[in-house]
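A structural walkthrough
What follows is each chain in one-letter form.
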Amino acid sequence: MSLSKQHELHKRRFSRNLGLGLVLAGLVALIFGLTVVKVTNEDFGVPSQTGSTY
Amino acid sequence: MSDASLNTTQTQAGDAGFGDFFALLKPRVMSLVVFTALVGLLAAPVGVHPVVGFAAILFIAVGGGASGALNMWWEADIDRIMKRTRKRPIPSGKVTEGEAFGFGMTLAGFSVVMLWLATNWMAAAILAFTIFFYVVIYTMWLKRWTPQNIVIGGAAGAFPPMIGWAAATGSISVESILMFTLIFMWTPPHFWALALFMKADYHEAGVPMLTVTHGRRSTRKHIWVYTLLLAPLAIGAAFTSIGGPLYLMVALVLNGFFLKGAFEIWRRDEAMAEADQYRTEKRFFRLSLYYLFGHFTAILAQSALASFGLGGW
């Protein structure tokens, strides 16, 4: 049997971590969406290779 | 081990909840930033993909929020004194000043870089300048130094439609400058009306608001004069490319009410104002919010009509 006591501090930290997690997930989704839009844009073109080497 | 002091926890770094950090961003100011930036974006003659448009508005909002967080960081000392601001996250002990600073700086950098990547360098540059202007020029310098703080500092709140326009077109134009000017000229009467009925607050905090430095009579005159200057500008915009018959109708009505309110403020004295608890001043302040919302909605509606071949002259 585990003993645990929720403190107000735990609730605050959980709300912060949950909020941050959701924000980060949303950001990942948005950046993915932006990338798809940019890449499928007809103006998009891969820069041509000039043949330079290191 | 138990400790009685756990029941009255001292706030330390790392104790703030998500809502406390969100409150640092000044959400009500952010909503105005979002709305005016959206109008700037949609009124522009160049269309943007909805995802790009959404991202642009989001990053502009985040940039505006970052400015708010940095403002709260710098003004924590004043916020503790003023009744209106005592419950903000830093004075109420929920967020430490260091956390607010780090949060604000991170969001500022993030929003500018992301806006650049999502749209173009012009929009990002104007956003960066807006954040710099609000935090450094207005908050750190002008606000505690001159009673014209609101006039010059108001420029920061006027940039969002220009940023939205630049996000779509990649440039600045006469139309975006007009939208900027509308907000710029609206800001002084809006804030001075607030200062009239929040009278003791600014004085106790040592902020040189016009009500304190030049007196309340002078402030009433300033509200009247600035509104007289604002009205022809707002109505005149009806005859430009962002205006039209619908905008003209809205502008005439709103400016009529605004001029009437400013005149009434100018006409009354402090005894009259105290007798009815600043009812006219509070009504004018509420009207100022509808004023800005109404004008920008009209610009948006005019732009929407134009896309159907209606609107315009």
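Residues numbered from 1 in each chain as written. Chains lettered and ligands numbered in written order. Predicted model: local features only at pLDDT ≥ 70, side-chain atom pairs only at ≥ 80, totals over all residues. Heavy atoms only, no water.

Quick notes on the overall build of chain B
The test is simple: Helix and strand assignments come from DSSP, with helices taken as H or I runs of at least 4 residues and strands as E runs of at least 2, each series counted from the N terminus. Only C-alpha atoms enter the radius of gyration, while the globule expectation follows 2.2 Å times N to the 0.38, with N the number of residues. Working definition: with a 1.4 Å probe on protein chains only, accessible area under 20% of the residue-type maximum means buried, over 50% means exposed, and in between means partly exposed. Contact definition: two residues touch when any of their heavy atoms are within 4.5 Å. The accessible surface values rely on the Shrake-Rupley method and a 1.4 Å probe; as for residues, cover is taken only from the protein chains in view. Neither His nor the chain ends is counted toward charge; the positive residues are Lys and Arg and the negative residues Asp and Glu. We put the charge of a Lys on NZ, of an Arg on CZ, of an Asp on CG and of a Glu on CD.
Summing up its helical and strand segments, chain B has 15 helices and zero strands in all. Its C-alpha atoms give chain B a radius of gyration of 21 Å, within 12% of the compact-globule value 20 Å for 313 residues. Here chain B, with 313 residues, has 53% of them falling under the buried criterion. Of the contacts formed within chain B by residues at least 6 apart in sequence, a portion of 74% connects residues at least 24 apart. When the accessible area of chain B is evaluated, it comes to approximately 14100 Å², of which 69% is carbon and sulfur surface. Across chain B, the 23 positively charged side chains and the 17 negatively charged ones have centroids separated by 8 Å.

Thoughts on helix α9 (residues 174-197) of chain B
We count it as follows: An expected span of 1.5 Å times one less than the residue number is assigned to each helix. The seven residues ending at a residue and the seven starting there each receive a fitted axis; the angle between those axes is the bend at that residue.
Taking 1.5 Å of rise per residue, 24 residues should cover 34 Å, and α9 of chain B covers 36 Å from first to last C-alpha, within 8% of that figure. Its maximal kink placed at Thr187 of chain B, α9 of chain B deviates by approximately 30 degrees, while the proline Pro188 of chain B follows within four residues.

A short note on unusual backbone geometry
Residue and element names in this part refer to chain B. Phi angles above zero are rare outside glycine, and Lys26 is one such case at about 55 degrees. Note on placement: Lys26 falls in the loop between α1 (18-24) and α2 (27-43). The exposure class assigned to Lys26 is buried, which follows from its relative accessible area of 14%. For Gln277, which is not glycine, the phi dihedral falls at a positive 55 degrees. Relative to the helices and strands, Gln277 is located in the loop between α14 (270-275) and α15 (279-307).

Thoughts on the interface of chain B and chain A
Filter applied, for reference: Note on terms: buried area is the combined drop in 1.4 Å-probe accessible area of two parts once they are placed together, counting the loss on both. Any Lys or Arg side-chain nitrogen located within 4 Å of an Asp or Glu carboxyl oxygen qualifies as a salt bridge. The term polar contact refers here to a pair of N or O atoms within 3.5 Å; inside protein, the definition further demands a hydrogen-donor-capable atom paired with an acceptor-capable atom, and it admits residues adjacent in sequence only when both atoms are side-chain atoms. Polar here means any residue other than Ala, Val, Leu, Ile, Met, Phe, Trp, Tyr, Cys and Pro, which are nonpolar, and Asp, Glu, Lys and Arg, which are charged; Gly is therefore polar.
The partner chain A presents 16 residues to the 21 residues of chain B that form the contact. Across the chain B/chain A interface, buried area totals approximately 1400 Å², and carbon plus sulfur atoms make up 70% of it. Taken together, the connections running from chain B to chain A amount to zero salt bridges. Joining chain B to chain A, the criterion identifies two residue pairs in polar contact (both at pLDDT 80 or more). Per-element accounting of the side of chain B that touches chain A gives the leading share, six residues, to helix α3 (residues 50-74) of chain B. The class makeup of the residues in the side of chain B that touches chain A is 14 nonpolar, five polar and two charged.

A look at a nonpolar patch on the surface
Residue and element names in this part refer to chain B. Note the threshold: What makes a patch is a set of residues exposed beyond 30% relative accessible area and free of salt bridges, joined within 9 Å when like-charged and within 5 Å when nonpolar (Val, Leu, Ile, Met, Phe, Trp, Tyr).
Residues Val113, Trp116, Leu117 and Trp121 make up a contiguous nonpolar surface patch of about 480 Å² in total accessible area. Among the elements that line the nonpolar patch, the one with the most residues is helix α5 (residues 97-118), at three residues. Among the secondary structure elements, Leu117 is positioned in helix α5.

Some remarks on the side chain of Glu175 of chain B
Residue and element names in this part refer to chain B. With respect to the element layout, Glu175 can be found in helix α9. A distance of 3.1 Å separates polar atoms of two side chains, one belonging to Glu175 and the other to Ser173. Those residues in contact with Glu175 that sit more than four places away from it in its chain are Trp165, Ser241 and Ile242.

Overview of the nonpolar core
Residue and element names in this part refer to chain B. To keep things clear, this is the line we draw: To define a nonpolar core, start from buried Ala, Val, Leu, Ile, Met, Phe, Trp, Tyr and Cys residues and group those joined through side-chain atoms within 4.5 Å.
Core analysis: the biggest nonpolar cluster contains 96 residues, and Tyr247 and Phe296 have the highest contact counts within it. Sort the elements by how many residues they give to this core and α9 lands first, with 13 residues. If sequence neighbours within four positions are ignored, Phe296 has contacts with Phe35, Thr36, Val39, Pro161, Met179, Leu182 and Ile183. Grouped together as the second largest cluster of nonpolar side chains are nine residues, Phe21, Met72, Ala76 and Ala100 included.

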